[in-house]
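The chain contents come next:
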Amino acid sequence: MRPPLQRYRNILDFALSSLLRRKGRNLALISVYTLVVFVIASLVFFVQALKHEAHELLVQAPDMVVQRMVAGRHDPVPLAQVEAIRSIRGVDEVQPRLWGYYYDPVFGGNLTVLATEDAALAPDAIWIGEGVARSMRVKEGDLIPLRGYDGQSTLFSIQKVLPETSELVSSDLVLMAPKDVRALFHFPEGLATDLAIQAGNPRELPTIAAKIVELYPDSRPILKSEILRTYEAVFDWRGGLMVVVLGSAVLSFIIFAWDKATGLSAEERKEIGVLKSLGWESADVLLLKFWEGTVISVTAFLTGVLLAYAHVFFFSASLFEHALKGWSVLFPHFRLSPALDGYQLTVLFFLTVLPYTAATLVPSWRAATVDPDAAMRS
Amino acid sequence: MIQHPGILALLVASGIVSLLLAAAGWQGFRILLGWDLRSGSEVQLDLERRTYLVSTLVANALLIQILSLFLFIFTAEGLHNQFVGAMCAAGSLAVNAYGYPTLLMKVATCLLAGVWLVLHRADTQGYDYPLIRPKYLLLLVLVPLVLTETWLQLSYLTGLKADVMTSCCGSLFGQGRQGFAAELAGLPLWLMQPVFWGTFAALLAAGFLLLRFRRGAGLFAGLSLAYLFVAVAALISFFCLYIYELPTHHCPFCLLKREYGWVGYPLYATLLGGAIAGLGVGALGLFRNRESLAAVLPTLQARLAWSALVLAALFTLIVGLWMILSPLRL
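Conventions we followed
- Residues numbered from 1 in each chain as written.
- Chains lettered and ligands numbered in written order.
- Predicted model: local features only at pLDDT ≥ 70, side-chain atom pairs only at ≥ 80, totals over all residues.
- Heavy atoms only, no water.
- Helix = DSSP H or I, 4+ residues; strand = E, 2+ residues; numbered from the N terminus.
- Rg over C-alpha atoms; globule rule 2.2 N^0.38 Å.
- Buried < 20%, exposed > 50% of the residue type's maximum accessible area, 1.4 Å probe, protein only.
- Contact = heavy atoms within 4.5 Å.
- Domains from an automatic or database assignment.
- Buried area = accessible area lost by both parts, 1.4 Å probe.
- Salt bridge = Lys/Arg side-chain N within 4 Å of Asp/Glu carboxyl O.
- Polar contact = N/O pair within 3.5 Å; in protein donor to acceptor, adjacent residues only side chain to side chain.
- Axes fitted to C-alpha atoms, helices over the stretch in contact; angles between N-to-C directions.
- Parallel < 35°, antiparallel > 145°, perpendicular 65-115°, else oblique.
- Left-handed = near helix turned anticlockwise from the far one by under 90°.
- Disulfide = S-S within 2.5 Å.
- Pairing = 2+ DSSP bridges.

Peer 1: Pulling in residues and values, what's your account of the overall build of chain A?
Peer 2: The helix and strand tally for chain A stands at 13 helices and 13 strands. Over its C-alpha atoms chain A spans a radius of gyration of 31 Å, topping by over 25% the 21 Å that the globule rule assigns to 378 residues. Along the three orthogonal principal directions, the C-alpha set of chain A runs to about 95 × 50 × 40 Å. Going through the 378 residues of chain A one by one, you find that 46% of them count as buried. Of the contacts formed within chain A by residues at least 6 apart in sequence, a portion of 80% connects residues at least 24 apart.

Peer 1: Describe the domain arrangement of chain B, and please don't skip the residues or the numbers.
Peer 2: By a frequent convention, interface size equals the accessible area lost on bringing the separate parts together. Residue and element names in this part refer to chain B. The assigned domain composition of chain B is domain 1 (1-162) and domain 2 (169-330). Taking the mean C-alpha position of each, domain 1 and domain 2 sit 23 Å from one another. Of the residues lining the interface, 29 residues belong to domain 1; the matching set on domain 2 comes to 29 residues. Interface area, domain 1 with domain 2, both sides summed: about 2400 Å², of which 82% is carbon and sulfur. Among the residues of domain 1 in contact with domain 2, Phe-70, Leu-111 and Val-118 are the three that bury the most area, contributing 22% of the side total. Applying the counting rule to domain 1 against domain 2 returns one salt bridge. Here Glu-77 ties to Lys-257 by a salt bridge, and the two come within 3.7 Å at their closest N and O atoms. Here domain 1 and domain 2 share two residue pairs in polar contact (both at pLDDT 80 or more) between them. Elements supplying a minimum of two residues to the side of domain 1 that touches domain 2: helix 2 (42-79), helix 3 (89-93) and helix 4 (99-125). It is helix 4 that provides the largest number of residues to the side of domain 1 that touches domain 2, a total of twelve residues.

Peer 1: Lay out the domain arrangement of chain A in plain terms, naming residues and giving numbers.
Peer 2: Taken as a whole, chain A is organised into domain 1 (3-58 + 230-377) and domain 2 (65-222). For domain 1 of chain A and domain 2 of chain A, the distance between their C-alpha centroids amounts to 49 Å.

Peer 1: Give a detailed account of unusual backbone geometry, specifying residues and quantitative values.
Peer 2: Positioned with a positive phi, Asp-124 of chain A is a non-glycine residue whose angle comes to about 60°. Note on placement: Asp-124 of chain A falls in the loop between strand 6 (109-115) and strand 7 (125-128). Residue Asp-124 of chain A is classed as partly exposed on the basis of its relative accessible area of 47%. Here Arg-214 of chain B, not a glycine, exhibits a phi torsion of approximately 55°, which is positive. Within the secondary structure, Arg-214 of chain B sits in the loop between helix 8 (189-213) and helix 9 (217-244). The exposure class of Arg-214 of chain B is exposed, given its relative accessible area of 56%.

Peer 1: Mind laying out the interface of chain B and chain A, listing which residues take part and the relevant values?
Peer 2: Counting from both sides, the interface comprises 30 residues of chain B and, opposite them, 30 residues of chain A. Both sides of the chain B and chain A interface together cover about 2700 Å² of buried area, and 73% of this is carbon and sulfur. Of all residues in chain B, Gln-3, Arg-49 and Tyr-52 of chain B give up the largest surface area on contact with chain A, accounting jointly for 21% of the area buried on that side. Along the contact surface separating chain B from chain A lie one salt bridge. In this structure, the salt-bridge partner of Arg-49 of chain B is Asp-371 of chain A, at a minimum N-O distance of 3.2 Å. Elements represented by at least two residues in the side of chain B that touches chain A include exactly helix 1 (5-34) and helix 2 of chain B.

Peer 1: Explain the packing of helix 4 of chain B against helix 5 (residues 132-158) of chain B to me, and be specific about the residues and the numbers.
Peer 2: Residue and element names in this part refer to chain B. Running from amino to carboxyl end, helix 4 crosses helix 5 at an angle of 160°, the nearest separation of the two axes being 9 Å. As far as their axial angle goes, helix 5 and helix 4 are roughly antiparallel. Crossing of helix 4 over helix 5 shows left-handed handedness.

Peer 1: Go over the state of the cysteines, please, and point to the residues and values.
Peer 2: Residue and element names in this part refer to chain B. A full pass over the atoms with the stated rule returns zero disulfides over all chains. Considering cysteine sulfurs only, Cys-251 is the nearest to Cys-240, which forms no disulfide, with 7.5 Å between them. Judged by its relative accessible area of 0%, Cys-240 falls in the buried class.

Peer 1: Can you tell me about the pairing of strand 5 (residues 99-104) of chain A, naming the residues and giving the values?
Peer 2: All names here are of chain A. Side chains Gly-100, Tyr-102 and Asp-104 of strand 5 all project onto a buried face; the interleaved residues Trp-99, Tyr-101 and Tyr-103 project onto a face where none is buried. Bridge analysis of strand 5 against strand 6 gives six bridges, and the strand direction is antiparallel. Each bridged residue has a counterpart across the sheet, and for Gly-100 the counterpart in strand 6 is Val-113. Between strand 5 and the antiparallel strand that follows it, strand 6, lie four residues; Gly-108 among them carries a positive phi value of about 70°.

Peer 1: Any chance you could break down the sheet that holds strand 9 (residues 153-161) of chain A for me, citing the residues and the numbers?
Peer 2: All names here are of chain A. Spatially, 5-6-10-7-9-8 is the arrangement adopted by the six strands of the open sheet, whose pairing is mixed. Strand pairing shows two members of the sheet lacking a second neighbour, strand 5 and strand 8 (143-147), which therefore form its edges. The average angle at which neighbouring strand axes cross in this sheet is 40°, direction not considered. Here strand 7 runs beside strand 9; their pairing, made up of four bridges, is parallel. In the strand pairing of strand 9, Ile-128 is matched with Val-161. Seen against the sheet, helix 6 (residues 178-185) touches strand 5, strand 6, strand 8, strand 9 and strand 10 (173-176) and runs at an angle of roughly 135° to strand 6.

In structure tokens, the structure reads:
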């Protein structure tokens, strides 16, 4: 082995043994450090996983949704617009959608009622999401009453409960035939809630949107990319907000670390004094302190990250999911799929390890440049 | 400002770097004022001890600065879908007037801090602190630059507002557009290809001259810096086309994406490392007459020159191989 490498190895060796000699103190430091990493890592991972989930979901969303605005409010779209929009160059498909919200007074939640043309749906039957089935305590084959616009209840038989795999999208969903939707909400014929548009080339979407607005100035086209952008901004904002709140925790940890690093015990001072009188230079002691810091940081960082990974992806971030995910009666139960990359880890490293390292620089220099005779005499 | 964890991380990092370097600069200033090697006074001993503090602070700051350069680009990249029209970091950086200046400033401070560390390394090899004055003067240049960079980055990040219309990289680096970045894309293949290979050959020749005859350190440093600029220009002008396999996409940032095997990281790392080593050779060359360094300087210079050459060759090898293996033919 080359001599410089041997020197590093020896100093690392010494750093490890000196850390082990002060087990209690260093364990306290590492556990606080790990806790800080764990909390921030859970947050970063959770936000990233939610963003990933939103992306996955919106892959199936239509490229563009066109709504009609009346007095600044969302209003049904006349079906006559379908043909006109379909004839715009670049538009592949225009699908009028019929949907609405149904408030169920019994369990106090909102259902999303959506019309489907699926031929497998039996007459007077509905398909419901897992969340609806769970809240209403119903199963396939049961009958449920839905109160129409006029206060009259209509009985629907549950033909199918949608599988759990699609729960994030379908948790609060009720699918029924278009004529049933119109009857339930007294939705006029010839109108749709909005129009879903697919385009061949996504780069043409802004042009198509401009043409639609030109054609129907009261319409509001919403692009899928805009929805994605908004989700992204909301999740980032929530994550960033929590990080700012946790900033105080990081700050107190820094003060703790600074304090620990500054308060050299008499024994430690003596030890450094002996090392220096044996021929160690200040640079060697600095290197020793650097390795000690690295060992502590790496241990705490890795443990914190692993714990956070388990917390977020095995236990669905139970500690702060409500703050980040939002809240609803019919909230879907879902397990996040792991979405991690080097960037998240780098951000985490910057937010935790850098402040710790910076806080311990001056104290380690102080320790390294202590006079050997003064140290041993004290 | 967008409350993005990456942005907060960048702010934390630049805050720490500024703090460390400001502290180092203050200590350096004291050392410059009071340094007297012949004196054995308490003050001088204290100052000698403080040189360790300064070098520790600067070494850490440099490391953070280099990491944050990449984090900055990566964050800009990650933010692009919050801006209409931005398709990668090129678009995010153009959202306001501070994006590109911040990036350039980060690169410049990384180079200077690297040269500082080279000087520091040489200084510790001599018994009488031979480079103490130039080293601390350079530090006093570095500190305001880093503070400016911090301010620029703060202005850039706080000025970010989602949904601002920006040009995407396709139009920013596209043909027939005015502006600095667009001019790079416009530099034609027939010009950039000979210039790049010429600069590379000149760098090799200067390296040979330096390693064989111990002459031309300044020339070597100049060519290393020139190679950095020419290589980036060539990367934007034609190398990236081979990597993207698209004859119109001149974007220096998409190279950092997963789709292109993160090839941008080794490319930019070799360029930055090579430039630091090359500039270090030149900086050391200025002090070849110092007595206490006469024995160690040539070895140090040779080692740095070798690193600069190997890194430059590595860059050329990667882009050259890509050029040969790419199905695109220009």
